[in-house]
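# Fold and geometry: a report
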Amino acid sequence: MEKEAPVPRVGVVVYLLKGNAVLLGRRFSSICYSTFALPGGHLEFGSIVSGESFEECAAREVKEETGLDIDKIEFLTVTNNVFPTNQSHYVTIVMRAVSVDPSQQPQNLEPDKCSGWDWYEWNNLPKPLFEPLEKMIQGGFNPFPTSS
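What comes next concerns the included structure. Since the model is a prediction, treat every value here as computed from it, not as a measurement. Within each chain, residue numbers correspond to sequence positions counted from 1 in written order. For this predicted model, a pLDDT threshold of at least 70 governs which residues receive local features, and a threshold of 80 or more governs which side-chain atom pairs are given and counted, while totals over whole chains, interfaces and linings are taken from all residues. Only hydrogens and water are removed before side-chain values are computed, so all heavy atoms of the structure are retained for them.

## Details of the overall build of the chain
Basically, it comes down to this: In this text, helices come from DSSP runs of H or I with a minimum length of four residues, and strands from runs of E with a minimum of two, each type numbered from the N-terminal end. The globule rule used here is 2.2 Å times the number of residues to the 0.38 power, and the radius of gyration it is set against is calculated over C-alpha atoms.
Per the secondary structure count, the chain includes 2 helices and 7 strands. The secondary structure elements of the chain, listed N-terminal to C-terminal, are β-β-β-β-α-β-β-β-α. Computed over its C-alpha atoms, the radius of gyration of the chain comes to 15 Å, within 12% of the 15 Å expected for a compact globule of 148 residues. Taking the principal axes of its C-alpha atoms as reference, the chain extends roughly 55 × 40 × 35 Å.

This is the structure we're talking about:
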């Protein structure tokens, strides 16, 4: 019997905005270890009737990782990320949101996966950034709403 080829997984990340800042945490993952990344995680299968929506996944992951409740959850884009070193491939759904309570501080609820969360001004982001995030920014991506 042939070994099945690995298949891409679906991830959801959230640009959680506060003024001109975004929430980032330093990863403890085997993929891009010790880089700053957005909160997020895997899209879950859900029930037989309906799977987890992107918005539900975004809210769940932010709550699980930071304790924050989010609002105004919007889809921004999709990225295709291949990590040859780890033999992994992610299709990542990129969302934008704000905190329900802007005065609430993020907590580090998964200290085995992240060293902690902090707000960083968009024009002064920490280094090193998670590789897909770095590529988006270098490509001119901006998560902040444009005024019409």
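## With respect to the side chain of Glu134
Rules: Only protein chains enter the accessibility calculation, which uses a 1.4 Å probe; a residue is then buried when its area is under 20% of its type maximum, exposed when over 50%, and partly exposed in between. Note on contacts: a residue pair qualifies if any of its non-hydrogen atoms lie within 4.5 Å across the two residues.
Within the fold, Glu134 resides in helix α2 (residues 131–138). On the basis of relative accessible area, Glu134 is assigned to the buried category, the value being 19%. Excluding anything up to four places from it in sequence, Glu134 contacts Lys127 and Leu129.

## Remarks on the packing of aromatic side chains
How we decide: Pairing of aromatic rings covers Phe, Tyr and Trp, the last through its six-membered ring, and needs centres within 6.5 Å; plane angles under 30 degrees mean stacked, over 60 mean edge-to-face, and all others mean tilted. Our definition puts a charge over a ring when NZ of Lys or CZ of Arg is within 6 Å of the ring centre and also within 35 degrees of the ring normal.
Scanning all chains against the criterion turns up 6 aromatic pairs. Between Tyr15 and Trp122, the ring centres sit 6.2 Å apart and the planes meet at 65°, which makes this aromatic pair edge-to-face. Separated by 107 residues along the polypeptide, Tyr15 in strand β1 (residues 9–18) and Trp122 in the loop between β7 (114–121) and α2 bring together distant segments of the chain. Exposure class is identical for Tyr15 and Trp122. Each is buried. Taking the centre distance of 6.4 Å and the plane angle of 70° together, the rings of Phe83 and Tyr90 count as edge-to-face. Neither Phe83 nor Tyr90 differs from the other in exposure class; each is buried. Among the aromatic residues, those joined into a cluster by ring pairs are Tyr15, Trp122, Phe141 and Phe144. Over the ring of Phe130 we find Arg27, and its NZ or CZ is 4.2 Å from the ring centre.

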